[in-house]
Amino acid sequence: EVRVALDLPLAGRVELEVVDETGLPIPAKVSLFATAAEPAQNAVLGDAWISGGATEVVFGADWPVTVTLPTGEYIAVASRGPEYEIGESPAFVVTDHESTRVRLQVVRSVDTTGFVGADLHVHCDASFDSGVTRADRVIGMAAEGVEYFVSTDHDVITVYSPMVDDLGLEPWIRTEAGVEVSPLELGHFIGFPLRREPLSPTGGAFAWDGMEPGDLLAALAGVAADGVDPFTLVAHPRDGILGYFDQFGLDPYTSDAGDVAVSYVEWVQDVSS
């Protein structure tokens, strides 16, 4: 009989804080990199792989944020989208018996007066192709310097504004309710701002079965916010089966009186052989 005791190393903790050029806390992203040659993650143990070689990535808005890491030496890199310089910490050591405090600074270096950083195609866990919670989506947007974004879940009208209020991020970000109408083999279409029906399972999004593209765009006007003409756009127009331009054979090199015209391609299969 052989008795074996497995001794697993304890993890350490890091308290992160990010401030702007004035020293005030600001939403930001922090990427943590181990300085050791061997990565801290172990795929055999089910650890996630993070692009860029980071051990952990944190999107934060309410600092300090505490992160648990394997013990070792790290550097931290803070960023806030393309309008800010990155901030990098000196190397620091994470131990298993005390918390390490790291303060980073991001400095705005791009003047965007008169412009708004926006994302008009956003999904959360209300869509079948996303697992991101609404809270994580809002924090991530604010941390990346997005100032305005639209909820465009597949055939569901989602509202983020209560989450923005709950997280105290009103000074940093605004949001609007929209939808991505997602029929099969016709392309996808986005509209906003829309009116949400709280008692509807889809938030008031309409059923698109049997409708053609022109009907879909017209139907978006029927769920527009009161007194507003909705802004509509074609989502990923060249994305094969999900792209409106690809599905209807739009030829960008053909013009009709100066405007791009739709060119339909007829496909005939020879079955005689």
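Structure shown above.
Residues numbered from 1 in each chain as written. Predicted model: local features only at pLDDT ≥ 70, side-chain atom pairs only at ≥ 80, totals over all residues. Heavy atoms only, no water.

Caption draft 1: Here's a closer look at the overall build of the protein. Looking only at helices and strands, the protein features four helices and 16 strands. Relative to its length of 273 residues, the protein is extended, with a C-alpha radius of gyration of 24 Å against a globular reference of 19 Å. Counting only residues that meet the buried cut, the protein has 35% of its 273 residues in that class. The contacts of the protein with a sequence gap of at least 6 include a subset with a gap of at least 24, amounting to 66%. Only carbon and sulfur atoms are counted for the fraction: they give 54% of the accessible area of the protein, which is about 16200 Å². For the protein, the distance from the average position of its 13 positive side-chain charges to the average position of its 44 negative side-chain charges is 9 Å. (Helix = DSSP H or I, 4+ residues; strand = E, 2+ residues; numbered from the N terminus. Rg over C-alpha atoms; globule rule 2.2 N^0.38 Å. Buried < 20%, exposed > 50% of the residue type's maximum accessible area, 1.4 Å probe, protein only. Contact = heavy atoms within 4.5 Å. Areas by Shrake-Rupley, 256 points an atom, 1.4 Å probe, with all protein chains shown as cover. Lys, Arg positive; Asp, Glu negative; His and termini not counted. Charge placed at Lys NZ, Arg CZ, Asp CG, Glu CD.)

Caption draft 2: Local environment of the packing of aromatic side chains. Throughout the structure, instances matching the rule amount to six aromatic pairs. An angle of 45° between the planes, with centres 5.4 Å apart, marks the rings of Phe-192 and Phe-231 as tilted. Of the two residues, Phe-192 sits in strand E13 (residues 188-192) while Phe-231 sits in strand E14 (residues 231-235), which places them 39 residues apart along the sequence. Here the aromatic residues Phe-189, Tyr-244, Phe-245 and Phe-248 are joined through ring pairs into a cluster of three or more. (Phe/Tyr/Trp six-rings, centres within 6.5 Å; stacked < 30°, edge-to-face > 60°.)

Caption draft 3: Representation of helix H3 (residues 213-222) in the model. The set of residues buried in H3 consists of Pro-213, Leu-216 and Leu-220. The arc that holds every buried residue of H3, seen down its axis, measures 55°, which confines them to one face. Away from its buried face, by an angle of more than 90 degrees, H3 presents the exposed residues Gly-214, Ala-218 and Gly-222. Where the residues of H3 are buried, they touch strand E12 (179-181), E13, E14 and helix H4 (244-247). (Arc of directions from axis to C-beta.)

Caption draft 4: Looking closely at helix H1 (residues 134-143). The complete set of buried residues in H1 reads Val-138, Ile-139, Gly-140, Met-141, Ala-142 and Ala-143. Structurally, H1 contributes buried residues whose contacts are with strand E2 (28-34), strand E3 (56-60), strand E5 (72-79), strand E9 (118-122), strand E10 (148-151) and helix H2 (161-166). Gly-145, located one to two residues past H1, shows a positive phi value of around 85°.

Caption draft 5: Quick peek at a nonpolar patch on the surface. A cluster of nonpolar side chains, Val-2, Val-4 and Leu-6, forms an exposed patch at the surface whose accessible area comes to about 390 Å². Mapped onto the elements of the fold, Val-2 is located in the segment before strand E1 (11-19). Overall, Val-2 belongs to the exposed group, its relative accessible area being 73%. (Patch = residues over 30% accessible without salt bridge, like charges linked within 9 Å, V, L, I, M, F, W, Y side chains within 5 Å. Salt bridge = Lys/Arg side-chain N within 4 Å of Asp/Glu carboxyl O.)

Caption draft 6: Spotlight on the sheet that holds E13. The strand order E12-E13-E14 describes an open sheet built from three strands, whose pairing is antiparallel. Strands at the two margins of the open sheet, each flanked by one partner only, are E12 and E14. This sheet shows a mean twist of 25° between the axes of neighbouring strands, independent of strand direction. Here E12 runs beside E13; their pairing, made up of three bridges, is antiparallel. Within the sheet, the bridge partner assigned to Glu-180 lies in E13 and is Ile-190. Packed on one face of the sheet, H3 meets E12, E13 and E14 and runs near 20° to E13. (Pairing = 2+ DSSP bridges. Axes fitted to C-alpha atoms, helices over the stretch in contact; angles between N-to-C directions.)

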